[in-house]
Amino acid sequence: MAGCSQPADPALHRQFFALGTLVDLTIYGSAADTAERAATDIEQLFTRRHADWHAWQPGTLQATNRQLATLEGFPADPELLPLLRTANRLSRLSNGLFNPVIGKLVALWGFHSDERPDGPPPDNDRILELLRQNPSVADIALQDGQLQSRNPAVRYDLGGVAKGYAVDRGIELLQSHGIDNAILNAGGDLRAIGHHGDRPWRIGIRDPRGPGVLAAIELGDDESVFTSGDYERFFDHDGTRYHHIIDPRIGYPADTVTSVTVIHTDAATADAAATALFVAGPELWQTIARQMGIRYVMLIDHNGTIHMNPAMQQRVTFDTAPADVRLSKPL
Ligand code: AMP
Ligand code: MG
């Protein structure tokens, strides 16, 4: 999670709820009427996508999932198609640790609900049954706009990438209005373009185990910062925390990490990579980061140890010097 430092005199600052989170747009150094028009367009874009991409409310994605389950070929929704292509590609690059078709598993864990998730965890037998069916993007044929699954267990859940994808489209929209300096922040995950006057945008990374900010990062022109954390959606049962990021290899919440922060140019890649590296954990994150083309990673494991690559270490400024830092080889 990251928060923006607010400029003293932004051209525009707008907040609204969409995609299950608070979206916060700051535009700097543009004419007020241009900024105003762009902000209205962004709000419309996010609100529309909220319905289209929702994993458990009626909309395009739900209809697509229903058609996939028939194992018949059908024409994909043209607005959804590029997002599905992006999700499938990022899944392959992550060796399936980011797996956008484990919707049945996420639902079994109770995370497909507007209510606060609650225990107890699902029966192990039901988890094993879904694992045996092994839904993967390799089960999906996507050609000439036609979509077909050969595995009845495939269900898209785009919760690990849709926010990033929407932020990318939002930034394109701003640029089409001629806006060069802005931050589009969706629930702490963001993409920034340009700068704030004569200084770079500066953002904070949330402490996964405290109320405050752990570290600050200055952003270059056009960078995204995305964090996946076990504190975002979870329930506690018999002293164990069960959160919303599921390890597709075992069917249980990934349990070695509390948060992963990734910097990358495009937000969709940063979003999927943060989820994938959360699952990868302290042993595997470097391999998966390299495959996904990620150059900056900070991962906090269950013992509070901070794992970073050297390029990331050079960019973060900690509020309090961390007790235990483990530097990896360069990515
Ligand atoms: P994020 O906060 O970006 O890490 O995304 C977490 C959301 O992605 C969850 O709420 C689920 O909807 C979905 N999800 C959970 N586990 C995975 C996974 N291994 N791969 C892809 N999406 C996942
Ligand atoms: Mg993600």
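Residues numbered from 1 in each chain as written. Chains lettered and ligands numbered in written order. Predicted model: local features only at pLDDT ≥ 70, side-chain atom pairs only at ≥ 80, totals over all residues. Heavy atoms only, no water.

Notes on the nonpolar core
Counting 70 residues, the largest nonpolar core has I27, F46, L158, V161 and L174 as its most contacted members. Ranked by residue count, the leading element in this core is helix α7 (residues 267-292), at 15 residues. A215, I263, I300 and I306 belong to the second-largest nonpolar core, a separate cluster that totals 20 residues. (Core = buried A, V, L, I, M, F, W, Y, C linked by side-chain atoms within 4.5 Å. Buried < 20%, exposed > 50% of the residue type's maximum accessible area, 1.4 Å probe, protein only. Helix = DSSP H or I, 4+ residues; strand = E, 2+ residues; numbered from the N terminus.)

A word on the sheet that holds strand β18 (residues 306-308)
The strand order across the open sheet built from 9 strands is β2-β3-β7-β8-β11-β16-β17-β18-β20, with neighbouring strands paired in mixed fashion. Each of the sheet's edge strands pairs with one partner strand only, and the pair in question is β2 (12-18) and β20 (325-327). Averaged over all pairs of adjacent strands, the angle between their axes in this sheet comes to 10°, without regard to strand direction. The pairing of strand β11 (residues 223-229) with strand β16 (residues 257-264) spans 6 bridges and is classified as antiparallel. The residue of β16 that forms the bridge with V225 is I263. (Pairing = 2+ DSSP bridges. Axes fitted to C-alpha atoms, helices over the stretch in contact; angles between N-to-C directions.)

A word on the coordination of the magnesium ion (ligand 2)
Metal coordination angles in their ideal form are 109.5 degrees for the four-donor tetrahedron and 90 or 180 degrees for the six-donor octahedron. Coordination of the magnesium ion (ligand 2) by the protein involves G160 (O), D271 (O), D271 (OD) and T275 (OG1), with metal-donor separations of 2.0 to 2.5 Å. Sequence positions of the donors to the magnesium ion (ligand 2) reduce to the motif G-x110-D-x3-T. One end of the pair, G160, is in the loop between β6 (146-149) and α6 (162-176); the other, T275, is in helix α7, with 115 residues separating them in the sequence. Judged by relative accessible area, T275 falls into the buried class, the value being 14%. (Donors = N, O, S within 2.8 Å, 3.2 Å for Na, K, Ca; no water.)

Let's talk about the pairing of β6
Side chains L147 and S149 project from β6 onto a buried face, and the interleaved Q146 and Q148 project onto a face without burial. Inspection of the sheet shows strand β4 (residues 74-75) paired to β6 by 2 bridges, in the antiparallel sense. Bridging from a neighbouring strand, F74 pairs with L147 of β6. Across 4 bridges, strand β5 (residues 140-143) lies against β6 in antiparallel orientation. In the strand pairing of β6, A141 is matched with Q148. Hairpin connection, β5 to β6: the antiparallel pair is bridged by 2 residues, and D144 has positive phi, about 50°.

Some words on the domain arrangement of the chain
In terms of domains, the chain is made up of domain 1 (11-47 + 161-327) and domain 2 (60-149). Computed from C-alpha coordinates alone, the two centres of domain 1 and domain 2 are separated by 23 Å. Each partner contributes to the interface: domain 1 provides 27 residues, whereas domain 2 provides 27 residues. At the boundary of domain 1 and domain 2, one finds 0 salt bridges. Applying the counting rule to domain 1 against domain 2 returns 7 residue pairs in polar contact (both at pLDDT 80 or more). Sorting the residues of the side of domain 1 that touches domain 2 by element identifies β12 (234-237), β13 (240-243), β15 (252-253) and α7 as the ones contributing at least two each. Sorting elements by how many residues they give to the side of domain 1 that touches domain 2 places α7 first, with 11 residues. The residue inventory of the side of domain 1 that touches domain 2, partitioned by class, reads 18 nonpolar, 7 polar and 2 charged. (Domains from an automatic or database assignment. Contact = heavy atoms within 4.5 Å. Salt bridge = Lys/Arg side-chain N within 4 Å of Asp/Glu carboxyl O. Polar contact = N/O pair within 3.5 Å; in protein donor to acceptor, adjacent residues only side chain to side chain. Nonpolar A, V, L, I, M, F, W, Y, C, P; charged D, E, K, R; others polar.)

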